[in-house]
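So you can see what is in the structure, the chains are spelled out below.
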Amino acid sequence: MSQVKSNKKFKWALDFNPKNKSQTSEILSPPGYSQSTSVSNAESSKDTDSNLLLIKKLWDVALGPLKQVPMNLFIMYMAGNSISIFPIMMVGMLIVRPVKALFSTQGTFKMVEGTQAAGQKFVYIIGNIVNILLALYKCQSMGLLPTHSSDWLAFEEPILKAEHIGGGFSML
């Protein structure tokens, strides 16, 4: 009984074994397949792919600081303008991280070479400067930057009085 079932073909069953050799020549090659691929062509395409991958990775590194700007804006909003430990730590990190990144720019891009190297470094530096400016804006909105004349009163000389009046008489 099991032989009867195994011999029976289902309409959804496919047979991939060719019954004769003439069917194998009818099968076309898939798109993009070439039998004449040489070893040197494969190596050059591998080098090109690795160079493109390296350039793409370096652009991701260069755009990293600019990708942090929306998150920094959100954190600045959530921290508020009060002077307490969390906003002070947040502003400190907003300043310290980009400054450290600016000082290590050469180490970050030490393997960069080619026509896009200058552009990648420029975008990286601009992104870090934008983050520093965000931190300075947050300091100003918290009142930590001395931007008003009243912040500098300690350095002002007291006004010398030209005359003193006492008892209705002028004394010079």
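The model shown is predicted, which means the values in this text are computed figures rather than measured ones. (Residues numbered from 1 in each chain as written. Predicted model: local features only at pLDDT ≥ 70, side-chain atom pairs only at ≥ 80, totals over all residues. Heavy atoms only, no water.)

Right, let's get into the side chain of Asn131. Along the chain, the position of Asn131 falls in helix H6 (residues 117-142). Residue classification places Asn131 among the buried positions, given a relative accessible area of 1%. Only 3.0 Å separates the side chain of Asn131 from the side chain of Asn72, close enough to count as a polar contact. Apart from residues lying up to four places away in sequence, Asn131 is in contact with Pro65, Gln68, Val69, Asn72, Leu94 and Pro98. (Helix = DSSP H or I, 4+ residues; strand = E, 2+ residues; numbered from the N terminus. Buried < 20%, exposed > 50% of the residue type's maximum accessible area, 1.4 Å probe, protein only. Polar contact = N/O pair within 3.5 Å; in protein donor to acceptor, adjacent residues only side chain to side chain. Contact = heavy atoms within 4.5 Å.)

Running from N to C, helix H4 (residues 85-103) and H6 point in directions that differ by 155 degrees, and their axes come no closer than 9 Å. Viewed along their axes, H4 and H6 adopt a mutual orientation that is roughly antiparallel. Two packed elements cross with a definite hand, and for H4 against H6 that hand is left-handed. Where H4 abuts H6, its residues Pro87, Ile88, Met90, Val91, Leu94, Ile95, Pro98, Val99, Ala101 and Leu102 lie against Tyr124, Ile125, Asn128, Ile129, Asn131, Ile132, Ala135, Lys138, Cys139 and Met142. (Axes fitted to C-alpha atoms, helices over the stretch in contact; angles between N-to-C directions. Parallel < 35°, antiparallel > 145°, perpendicular 65-115°, else oblique. Left-handed = near helix turned anticlockwise from the far one by under 90°.)

Inspection of every chain in the model, using the stated rule, returns two aromatic pairs. Measuring from centroid to centroid gives 5.1 Å for Phe109 and Tyr124, while their planes differ by 80 degrees, and the two rings are edge-to-face. Here Phe109, found in the loop between helix H5 (105-108) and H6, pairs with Tyr124, found in helix H6; they are 15 residues apart in sequence, far enough to count as distant. Considering the side-chain rings of Trp152 and Phe155, the 5.8 Å spacing of their centres and the 40 degrees angle between planes classify their relative orientation as tilted. For Trp152, a relative accessible area of 41% translates into the label partly exposed. (Phe/Tyr/Trp six-rings, centres within 6.5 Å; stacked < 30°, edge-to-face > 60°.)

Turning next to the confidence of the model for the protein chain. Summing up the model confidence of the protein chain, the mean pLDDT is 80 and the portion of residues at 70 or higher is 77%. Averaged pLDDT values for the elements of the protein chain fall to 52 in helix H1 (residues 2-7) and rise to 92 in H6. (pLDDT = per-residue confidence, 0-100.)

Judged by nonpolar contacts, Val69, Met76, Ala79, Met90, Val91, Leu94, Leu134, Ala135, Cys139 and Met142 together constitute the single largest core of ten residues. Every element with two or more residues in this core is listed here: helix H3 (39-79), H4 and H6. Excluding residues within four positions of it along the chain, Met142 makes contact with Asn81, Ser82, Ile83, Pro87, Ile88 and Val91. One finds Leu58, Val112, Ala117 and Val123 within the second-largest nonpolar core, a separate group that totals eight residues. (Core = buried A, V, L, I, M, F, W, Y, C linked by side-chain atoms within 4.5 Å.)

On the surface, a nonpolar cluster with roughly 570 Å² of combined accessible area is contributed by Phe122, Ile125, Ile126, Ile129, Leu133, Leu136 and Leu145. Its place among the elements puts Ile125 in helix H6. (Patch = residues over 30% accessible without salt bridge, like charges linked within 9 Å, V, L, I, M, F, W, Y side chains within 5 Å. Areas by Shrake-Rupley, 256 points an atom, 1.4 Å probe, with all protein chains shown as cover. Salt bridge = Lys/Arg side-chain N within 4 Å of Asp/Glu carboxyl O.)

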